[in-house]
Amino acid sequence: MARKKLLAGNWKMHKTRAEASEFFQSFTKLVGNMADVTRSVDVAFGVPATLFDVSLKNAGSGVKILAQNVHFEKQGAFTGELSTVMLQDAALQGSIIGHSERRQYYGETDQAVGKKWNALSLAGLLPVVCVGETRTEREAGQTNAVVKKQFELALAEVSADAKSKDFVIAYEPVWAIGTGLTATPEQAEEVHLMIRSLLASHFGAARAETLRILYGGSMNSANCQDLLKKPNIDGGLIGGASLKPEDFSKMVLTAKG
Ligand code: PEP
């Protein structure tokens, strides 16, 4: 079964409501028949909480809106956090978790990522689980070991019930995020293949074939075609280029083929 490609924008801490409206106006016009496009490629945006409503209203038919982080508890004294109950209430479809910026600046651990994955899955929301090595780790030949450890420590926190639900892995080499440096299609495919076999070892070969592995790291309209051609690259998590309607619409149309 062919995996449906997923192009997910990560807007990070960008855009006011007016800017988001303007973006979606141009983006939907450039993409054309969004309902037709989203039948063959999944399109999503991870947006700041202030943009949930405006994004849900304007992103177009079939486009999924995601959070960029979530807490694993349903409610409580956790100032500044949002729960899965709140994401459901806001009509979101999932959340990015474990982004390297959250790991680096906010001390998010693999165990916390696993708890968030578990909470999202049990709430019927899609977890987009980010993993990836730093430049130092790559240069030390530790890429596969780092990615495997991040994935397995997170997975250890996921219950059997939650494991049975769909999830997405985003392989994001930290050295390629926001730097303009991109992993070559061959470098990315090599790690994606390793992740696919890791998935097979935990979930069985048949299920592993159905799970999507996205590439992230300076993906743009010029390099996405070669990356998306690789058999184990099932889409992208896209930062900078997802902020520009011209770029991101081209990428969506490229993924549609
Ligand atoms: C990201 O933030 O997930 C990302 C891949 O950013 P960029 O595309 O800007 O490198």
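These numbers were taken from a predicted model, which means no experiment stands behind them.

### What to know about the site of the ligand
Here's step 1: In the vicinity of the ligand lie 14 residues, with Lys 12, Glu 172, Gly 178, Ser 218 and Gly 239 positioned nearest.
Here's step 2: Interatomic distance of 2.6 Å between a backbone N/O atom of Gly 178 and an oxygen atom of the ligand.
Here's step 3: Notes on the ligand: free accessible area 290 Å², of which the protein chains cover 96%.

### Side note on helix α13 (residues 245-256)
Here's step 1: For α13, spanning 12 residues, the distance from its first C-alpha to its last is 16 Å, which sits close to the expected 16 Å at 1.5 Å a residue.
Here's step 2: All of the buried residues along α13 are Pro 245, Asp 247, Phe 248, Ser 249, Met 251, Val 252 and Ala 255.
Here's step 3: Buried positions along α13 lie against β1 (5-10), α1 (17-31), α2 (34-40), β2 (41-46), α12 (224-228) and β8 (235-238).
Here's step 4: Positioned one or two residues after α13, Gly 257 has a phi angle of 80°, which is positive.

### Observations regarding the packing of aromatic side chains
Here's step 1: What the rule picks out here adds up to 15 aromatic pairs.
Here's step 2: Residues Phe 23 and Phe 24 carry aromatic rings whose centres are separated by 5.3 Å and whose planes lie at 90° to one another, so their mutual orientation is edge-to-face. The exposure classification of Phe 23 matches that of Phe 24, with both residues buried.
Here's step 3: In this structure Phe 24 comes out as buried when scored by relative accessible area, which is 1%.
Here's step 4: Here the aromatic cluster, defined as three or more aromatic residues joined through ring pairs, consists of Trp 11, Phe 23, Phe 24, Phe 27, Phe 45 and Phe 248.
Here's step 5: Of note, Lys 15 hangs over the ring of Trp 11, and the distance from its end group to the ring centre comes to 5.3 Å.

### A look at the side chain of Gln 150
Here's step 1: Within the secondary structure, Gln 150 sits in helix α8 (residues 143-155).
Here's step 2: On the basis of relative accessibility, which here comes to 11%, the residue Gln 150 falls in the buried class.
Here's step 3: At 2.8 Å, the side chain of Gln 150 forms a polar contact with the backbone nitrogen of Gly 132.
Here's step 4: If near-sequence neighbours (up to four positions away) are discounted, Gln 150 is found in contact with Arg 103, Asp 110, Val 131 and Gly 132.

### Considerations on the pairing of β1
Here's step 1: In terms of burial, β1 is largely enclosed, as five of its six residues are buried.
Here's step 2: As paired strands, β1 and β2 are joined by six bridges and run parallel to one another. Bridging from a neighbouring strand, Ala 8 pairs with Ala 44 of β2.
Here's step 3: Bridge analysis of β1 against β8 gives four bridges, and the strand direction is parallel. Paired with Leu 7 across the bridge in β8 is Gly 236.

### Some words on the sheet that holds strand β3 (residues 64-67)
Here's step 1: Ordered by their spatial adjacency, eight strands build a closed barrel running β1-β2-β3-β4-β5-β6-β7-β8, and the pairing between neighbours is parallel. Between one strand axis and the next, the sheet turns through 25° on average, direction left out of account.
Here's step 2: The strands touched by α13 within the sheet are β1, β2 and β8, with β2 carrying the most contacts at an inclination of about 150°.

Parameters at a glance
- Once a new chain begins, its residue numbering starts again from 1 and follows that chain's sequence as written.
- Restriction of local features to residues with pLDDT of at least 70 applies here, the model being predicted, together with a cutoff of 80 or more for giving and counting side-chain atom pairs; totals for whole chains, interfaces and linings are based on all residues.
- No hydrogens and no water enter the side-chain calculation; it runs on all heavy atoms of the structure.
- Neighbouring residues are identified by heavy atoms, a residue being near a molecule or strand if any of them is within 4 Å of it.
- A 3.5 Å cut-off defines polar contacts: any pair of N or O atoms within that distance qualifies, except that in protein one atom must be a possible hydrogen donor and the other a possible acceptor, and neighbouring residues in sequence count only when both atoms are side-chain atoms.
- Note on areas: Shrake-Rupley, 1.4 Å probe, and residue coverage restricted to the protein chains presented here.
- Under the scheme used here, helices are H or I runs from DSSP no shorter than 4 residues and strands are E runs no shorter than 2 residues, and both carry numbers assigned from the N terminus.
- To estimate how far a helix should extend, the number of its residues minus one is multiplied by 1.5 Å.
- Partly exposed describes any residue whose relative accessible area lies between the buried limit of under 20% and the exposed limit of over 50%, with all areas from a 1.4 Å probe on protein chains only and scaled to the type maximum.
- Any pair of residues with heavy atoms lying within 4.5 Å of one another is described as a contacting pair.
- Classification of ring pairs rests on two measures: the distance between centres of Phe, Tyr or Trp rings, Trp counted by its six-membered ring, which must be within 6.5 Å, and the angle between planes, read as stacked under 30 degrees, edge-to-face over 60 and tilted in between.
- Distance and angle both matter: a charge sits over a ring if NZ of Lys or CZ of Arg is within 6 Å of the ring centre and within 35 degrees of the ring normal.
- Strands are treated as partners if at least two bridges between them are detected by DSSP.
- Only C-alpha atoms enter the line fits that serve as axes; for helices the fit covers just the stretch in contact. Angles between N-to-C directions range over 0 to 180 degrees.

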